Amino acid sequence: MAPPRQAQAPFAKDERVLCFHMEMLYEAKILDVQQSETGEGWQYKIHYKGWKSSWDDWVPQDRVRKFTEENKDLASHLMATFKMLQSGKAGKQIKKGGKTTGSDLSSTRGSEERMPGTAMQTGRGPRRARDYDLEHEDSFHSRPSIKLVMPDHLKALLVDDWENVTKNQQLVPLPHAHPVDDILNDYLANERPKREEGSASMDILEEVTAGLREYFDKCLGRILLYRFERAQYHEMHELWVSGDAESKHKSACDTYGAEHLCRLLVSLPELIAQTNMDQQSVNRLREELTKMTAWLGKHATKYFVNEYETPGQEYVDKARSA
């Protein structure tokens, strides 16, 4: 009897793909394919476009993505954020808590309300393939090393979140039962008794949570949404600007919840690395974010939705045409 035929690898040798390196997604080419050591799944030898062969690396399958328009948009959004934060504007907002510096994230990214699903435009004309290439090696080496520990079950929830929205075409029900404002208020109530009033530790706690509120409100519509969610965002945004006095939902922070907050948290290490914050401030911020992420992980059952909603055909058509 002939041995069972092995399943074919999802990606092939010489295929053009996108591959995660840290929190960024870059264009790459598959040089070789082999089964993983456990015999479950596949490994791919990757060459990142624009880098020397000394950076070629074997990566697990979960870091590789098909070279599709949707994935190219995601890569472009991440790269646009990288370019935006090279100026350090967004980092200053986190560093200074709720004290706005007067900068708007749209100053370099370009409003996604005007350009849905596209990358940042430059003086050279429309988006080009280079938008999702790797940055130069020199700039990569000069970036501070930042690592935010994310509990495994939060990572799993983020993967489920991605699949629910992008593959299953479902949405997080809004307004959220436990919006970001409530989550941050609960975290403050949990942490304040552990810190001395008026201490530097207390000041940092309050500044970081205030900065996260500000940052979440400014980032949500520009870098935290999947394309399928944009129509839903526009519906929410219309409610915010309508000025309904009876509505308690007037911003991203009091409408969206843990799913979108986690998307911000996993992006922060890469985003912070592009700011001009000094190393001491970065270290303090990382400590606070690590504490908050661990706390959120312990209370994930409370704050994450149990079930995503499936929108009607009218919404699906609107989302596809956007």
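Residues numbered from 1 in each chain as written. Predicted model: local features only at pLDDT ≥ 70, side-chain atom pairs only at ≥ 80, totals over all residues. Heavy atoms only, no water.

Applicable threshold: UniProt positions are given in the numbering used here, feature names are shortened, and annotations may be inferred rather than shown by experiment.
With an unreviewed UniProt entry as reference, the protein chain is termed Chromatin modification-related protein EAF3, source organism Phialemonium atrogriseum. The annotation that UniProt attaches to the protein chain under Sequence similarities (unreviewed entry) is "Belongs to the MRG family." Taken directly from UniProt, the Subcellular location (unreviewed entry) text for the protein chain runs: "Nucleus".

## Let's talk about the overall build of the protein chain
The test is simple: Only runs of H or I of at least four residues qualify as helices and only runs of E of at least two qualify as strands under DSSP, and these elements are numbered from the N terminus. Burial here depends on accessible area, computed with a 1.4 Å probe over protein chains only, as a share of the maximum for the residue type. Under 20% is buried, over 50% is exposed, and the range in between is partly exposed. By the convention used here, residues are in contact when the closest approach between their heavy atoms is within 4.5 Å.
A count of helical and extended segments in the protein chain gives 12 helices and 5 strands. Across the 322 residues that make up the protein chain, the buried fraction comes to 48%. The contacts of the protein chain with a sequence gap of at least 6 include a subset with a gap of at least 24, amounting to 72%.

## A few points about a negative patch on the surface
Keep this limit in mind: A patch is a set of surface residues, each over 30% in relative accessible area and not in a salt bridge, joined within 9 Å for like charges and within 5 Å for the nonpolar side chains Val, Leu, Ile, Met, Phe, Trp and Tyr. Note that accessible areas follow from Shrake-Rupley with a 1.4 Å probe, and for residues the cover is restricted to the protein chains shown. We define a salt bridge as a side-chain nitrogen of Lys or Arg found within 4 Å of a carboxyl oxygen belonging to Asp or Glu. Neither His nor the chain ends contribute to the count of charged residues, in which Lys and Arg are positive and Asp and Glu negative. Taken as the charge location is NZ of Lys, CZ of Arg, CG of Asp or CD of Glu.
A grouping of E196, E197, D203 and E207 is seen on the molecular surface, where their side chains present a negatively charged patch. With respect to the helices, strands and loops of the structure, E197 is situated in the loop between α6 (180-191) and α7 (200-224). We classify E197 as exposed; its relative accessible area is 65%.

## Notes on the sheet that holds strand β2 (residues 24-35)
This is how the line gets drawn: By the convention used here, strands pair only if DSSP detects at least 2 bridges between them. Axis definition: a line fit to C-alpha positions, over the contact stretch in the case of helices; interaxial angles, taken between N-to-C directions, run 0 to 180 degrees.
What the 5 strands build is an open sheet, ordered β4-β3-β2-β1-β5; its pairing is antiparallel. Here the strands that pair on one side only, and so sit at the sheet edges, are β4 (57-60) and β5 (64-66). Each neighbouring strand pair of the sheet contributes to a mean axis angle of 50°, computed without reference to strand direction. Here β2 pairs with strand β3 (residues 42-48) via 7 bridges, running antiparallel. Within β3, the position partnered with Q35 by the bridge is W42.

## Examining the side chain of Q232
Tracing the sequence through the fold places Q232 in helix α8 (residues 230-242). If we skip the residues at most four places from it in the chain, Q232 touches L171, V172, L174, Y256, E309 and Y315.

## Some details on the environment of L188
Mapped onto the elements of the fold, L188 is located in helix α6. Setting aside residues up to four positions removed in sequence, L188 forms contacts with L205, T209 and R213.

## Details of the nonpolar core
Stated formally: Take the buried residues of types Ala, Val, Leu, Ile, Met, Phe, Trp, Tyr and Cys, join any two whose side-chain atoms come within 4.5 Å, and each joined set is a nonpolar core.
In terms of nonpolar packing, the biggest core is built from 56 residues, with F216, Y256, L268, L289 and L296 touching the most fellow members. Sorting the residues of this core by element identifies α5 (152-167), α6, α7, α8, α9 (258-272), α10 (279-298), α11 (300-303) and α12 (313-321) as the ones contributing at least two each. A total of 11 residues in this core trace back to one element, the largest contributor, which is α7. Excluding residues within four positions of it along the chain, Y256 makes contact with L174, H176, P179, V180, F216, L220, L225, Q232, Y233, M236 and W240. Residues F11, L25, Y48 and M79 belong to the second largest nonpolar core, which totals 22 residues.

## Quick word on α8
Basically, it comes down to this: In a helix, the anticipated span is given by 1.5 Å times the number of residues less one.
Compared with an ideal rise of 1.5 Å per residue, which puts 13 residues at 18 Å, α8 spans 18 Å between its outermost C-alpha atoms and is within 8% of the ideal. For α8, the elements touching its buried residues are α7 and α12.

## Quick notes on the pattern of salt bridges
Scanning the entire structure with this criterion turns up 14 salt bridges. Among the ionic pairs, R195 bridges to E191, the shortest N-O distance being 2.8 Å. E191 shares its class with R195; the two are buried. The network of salt bridges with shared partners includes E191, K194, R195 and E288.

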